[in-house]
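# Summary of structural features
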Amino acid sequence: MSTTDPTSATDEAFAAVEQAVLAVPGVAELYRARPTLGSAVAAARSLAARSSVARVVLDGDVLRIVIGTDGSRPAPETAHAAHLAALAAASARGIELSRVDVRIARVG
């Protein structure tokens, strides 16, 4: 009888979202999004379970992402492409979102 660890599945989904965002032309870096209270508790539980802490934050049904750009494309265009990539990657892994917030922390 096989069981799936939900934390592991979430970590894998977050890793896929991170990879998708980092593959977007113009994205130079992915920073740890500032957690809200709920996601901070989840991050603490993740650390306690010794799983990796993702740089993307799922706060209820809102995915929060913070990127740095390399200057090869306009920052708003890069952020929009990162938004689409994150939404597609999350949806492909069964994470239903009401919104994806992409912040630009650094413009290269």
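Keep in mind the model is a prediction, meaning the values are calculated, not measured. (Residues numbered from 1 in each chain as written. Predicted model: local features only at pLDDT ≥ 70, side-chain atom pairs only at ≥ 80, totals over all residues. Heavy atoms only, no water.)

This part covers the overall build of the protein. Along its length, the protein carries 3 helices and 4 strands. Mapped in sequence order, the helices and strands of the protein form the string α-β-α-β-β-α-β. Burial status across the protein gives 35% buried among its 108 residues. Accessible surface computed for the protein: about 6,300 Å², of which carbon and sulfur atoms make up 55%. (Helix = DSSP H or I, 4+ residues; strand = E, 2+ residues; numbered from the N terminus. Buried < 20%, exposed > 50% of the residue type's maximum accessible area, 1.4 Å probe, protein only. Areas by Shrake-Rupley, 256 points an atom, 1.4 Å probe, with all protein chains shown as cover.)

Attention now goes to helix α3 (residues 75–92). Between its terminal C-alpha atoms α3 stretches 26 Å, which fits the 26 Å expected from 18 residues at 1.5 Å a residue. Of all the residues in α3, the buried ones are A75, T78, A79, A81, A82, A85, A86, A89 and A90. Looking straight down α3, one finds that the buried residues subtend no more than 160° of arc, so they occupy a single side. Within α3, the exposed residues directed more than 90 degrees away from the buried face are P76 and A92. In the segment just after α3, G94 is the residue with positive phi, at about 80°. (Expected span 1.5 Å × (residues − 1). Arc of directions from axis to C-beta.)

This paragraph deals with the pattern of salt bridges. Summed over all chains, the structure comprises 6 salt bridges. Salt-bridge contacts for R55 lead to E29; the nearest nitrogen and oxygen are separated by 3.6 Å. Of the two residues, R55 is situated in the loop between α2 (37–48) and β2 (57–59) and E29 in strand β1 (residues 27–31); the sequence distance between them amounts to 26 residues. Several salt bridges converge on common partners, so that one network encompasses D59, R64, R99 and D101. (Salt bridge = Lys/Arg side-chain N within 4 Å of Asp/Glu carboxyl O.)

What follows covers the confidence of the model for the protein. A residue-level look at the protein finds 74% of positions with pLDDT of 70 or above and a mean pLDDT of 83. The least confident element of the protein is α2, whose mean pLDDT is 53; the most confident is α3, at 97. (pLDDT = per-residue confidence, 0-100.)

Right, let's get into the nonpolar core. Looking at soluble globular proteins, one finds that nonpolar side chains tend to be buried together. With 22 residues, the main nonpolar core has V17, V21, V56, L63, I65, I67 and A86 as its most contacted residues. Mapped onto this core, the elements with two or more residues apiece are α1 (6–22), β1, β3 (62–69) and α3. Ranked by residues supplied to this core, first place goes to α3 with 7 residues. In this structure, I65 is in contact with V17, V21, L30, A33, V56, A86, V100, D101, V102 and R103, ignoring residues within four places of it in sequence. (Core = buried A, V, L, I, M, F, W, Y, C linked by side-chain atoms within 4.5 Å. Contact = heavy atoms within 4.5 Å.)

So, about the side chain of E18. Tracing the backbone through its elements, the reader meets E18 in helix α1. Residue classification places E18 among the buried positions, given a relative accessible area of 12%. A polar atom in the side chain of E18 sits 2.5 Å from the backbone nitrogen of R55. Every residue in contact with E18, bar those within four places of it in the chain, is listed here: L30, A54, R55 and V56. (Polar contact = N/O pair within 3.5 Å; in protein donor to acceptor, adjacent residues only side chain to side chain.)

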